[in-house]
Amino acid sequence: MRSRIAYLVYFLFFIFVAIYFYREASFDHKVMIDGNLITVEIAEQPVLGRECFLYVKYDDKIYSVKVSKNECIEGVYKVKENITLKYLREIDHFVYPKRKTEIIYYLSLLFFIIPIFCLIQLMKKPMHN
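What counts, and at which threshold
Residues numbered from 1 in each chain as written. Predicted model: local features only at pLDDT ≥ 70, side-chain atom pairs only at ≥ 80, totals over all residues. Heavy atoms only, no water. Salt bridge = Lys/Arg side-chain N within 4 Å of Asp/Glu carboxyl O. Helix = DSSP H or I, 4+ residues; strand = E, 2+ residues; numbered from the N terminus. Buried < 20%, exposed > 50% of the residue type's maximum accessible area, 1.4 Å probe, protein only. Core = buried A, V, L, I, M, F, W, Y, C linked by side-chain atoms within 4.5 Å. Contact = heavy atoms within 4.5 Å. Arc of directions from axis to C-beta. Patch = residues over 30% accessible without salt bridge, like charges linked within 9 Å, V, L, I, M, F, W, Y side chains within 5 Å. Areas by Shrake-Rupley, 256 points an atom, 1.4 Å probe, with all protein chains shown as cover. Pairing = 2+ DSSP bridges. Axes fitted to C-alpha atoms, helices over the stretch in contact; angles between N-to-C directions. 1 Å grid on protein atoms, 1.4 Å probe; cavity = no way out; pocket = protein on both sides within 12 Å on 5 of 7 lines; lining within 4 Å. Points joined across faces, edges and corners; volume = space filled by probe spheres on them. Nonpolar A, V, L, I, M, F, W, Y, C, P; charged D, E, K, R; others polar. Polar contact = N/O pair within 3.5 Å; in protein donor to acceptor, adjacent residues only side chain to side chain.

Peer 1: Honestly, the pattern of salt bridges in this entry has me stumped. Any pointers?
Peer 2: Charged atoms that come close allow side chains of opposite charge to pair. A full pass over the atoms with the stated rule returns four salt bridges. Residue arginine 89 is joined to aspartate 59 by a salt bridge in which the shortest nitrogen-to-oxygen separation is 3.9 Å. Linking arginine 89 in the loop between β4 (82–88) and β5 (93–95) with aspartate 59 in the loop between β2 (52–58) and β3 (61–67), this pair joins segments that are 30 residues apart in sequence. Like arginine 89, the residue aspartate 59 is exposed in the burial classification. Because the salt bridges share partners, they merge into one network encompassing Lys30, Asp34 and Glu90.

Below is the structure:
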């Protein structure tokens, strides 16, 4: 019975993780395919953590964009300077043009294998103790 509960918990956790990563990756991938290059102004210093986020201003709105961590560390980006990014108006989303969205998109699809495995294991286990 414990293993059924464990597989159910794993299934729920990994399905939410897979959906989250797929959603993010599909937005970025769609922008890279259908978006246009737009020059925007850097509004704030990049925030470096596990990833590097750059805050840019476009149409009086501030957007956060994942950029190259190496360029972030090297101090390539300066406030008030312009940078060219890919933008898709229909989803109001920017992407760094050098971002490898296709690889990330397909990897995000692989995340669905783990919850499917957990679901199969859950279905194999008998209901009794």
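Peer 1: Can you walk me through the nonpolar core in this structure?
Peer 2: In globular proteins that are soluble, nonpolar side chains generally tend to be buried together. In this structure, Val40, Val56, Ile83, Leu85 and Phe94 are the most contacted members of the largest nonpolar core, which totals 17 residues. Breaking this core down by element, the ones donating at least two residues are β1 (36–48), β2, β3 and β4. Take this core: its biggest share by element is four residues, from β2. Among residues more than four places away in sequence, those in contact with valine 56 are Val40, Glu41, Ile42, Ala43, Lys61, Ile62, Tyr63, Val65, Ile83 and Leu85.

Peer 1: Help me understand helix α3 (residues 101–110), please; the structure alone is not making it clear to me.
Peer 2: Think of an α-helix as 3.6 residues a turn; residues three or four steps apart then line up on the same face. Considered for burial, the residues of α3 that qualify are Thr101, Tyr105 and Ser108. The buried residues of α3 occupy one face: seen down the axis, they fall within an arc of 65°. Of the surrounding elements, those touching the buried residues of α3 are α1 (2–34) and β5.

Peer 1: What is the right way to look at a nonpolar patch on the surface in this model?
Peer 2: A cluster of nonpolar side chains, contributed by Tyr20, Phe21, Phe111 and Ile114, occupies part of the molecular surface with about 360 Å² of accessible area. Tracing the chain through its elements places isoleucine 114 in helix α4 (residues 113–124).

Peer 1: Explanation requested: the sheet that holds β5 in the structure shown.
Peer 2: Sheet strands associate in pairs through backbone hydrogen bonding, adopting either a parallel or an antiparallel arrangement. Across the sheet, five strands lie side by side as β3-β2-β1-β4-β5; this open sheet has antiparallel pairing. Each edge of the sheet is formed by a strand with only one pairing partner; in this case those strands are β3 and β5. On average, each strand axis in the sheet is inclined to that of its neighbour by 50°, with strand direction left out of account.

Peer 1: How do you make sense of the layout of surface pockets when you look at a structure like this?
Peer 2: Summary: where empty space remains is shown by rolling a probe the size of a single water molecule over the atoms. One number sums up the size of the largest pocket: a volume of about 480 Å³. Lining the largest pocket are 19 residues, and of these Phe21, Glu24, Glu51, Lys66 and Arg99 sit closest to its centre. Elements with a contribution of two residues or more to the lining of the largest pocket: α1, β3, β5 and α3. If one sorts the elements of the lining of the largest pocket by residue count, α1 sits on top with five residues. Its residues assigned to classes, the lining of the largest pocket comprises ten nonpolar, three polar and six charged.

Peer 1: Please explain the side chain of serine 26 as it appears in this structure.
Peer 2: Relative to the assigned elements, serine 26 resides in helix α1. Reaching out from serine 26, the side chain makes a polar contact with the backbone oxygen of arginine 23 at a distance of 3.0 Å.

Peer 1: Any chance you could explain the pairing of β2 here in plain terms?
Peer 2: Taken residue by residue, a regular strand's side chains alternate between the two faces of the sheet. Along β2, the buried face is formed by Cys52, Leu54, Val56 and Tyr58; none of Phe53, Tyr55 and Lys57, which line the opposite face, is buried. Bridging between β1 and β2 involves five bridges; their strand directions are antiparallel. Residue pairing for β2: glutamate 44 is matched across the bridge by tyrosine 55. Counted between consecutive antiparallel strands, the loop separating β1 from β2 contains three residues. When β2 meets β3, the two strands line up antiparallel, connected through seven bridges. Among the inter-strand pairings, valine 56 is bridged to a residue of β3, identified as tyrosine 63. If you look at the hairpin formed by β2 and β3, you'll find two residues sitting between the two strands, and aspartate 59 has a positive phi there, around 50°.

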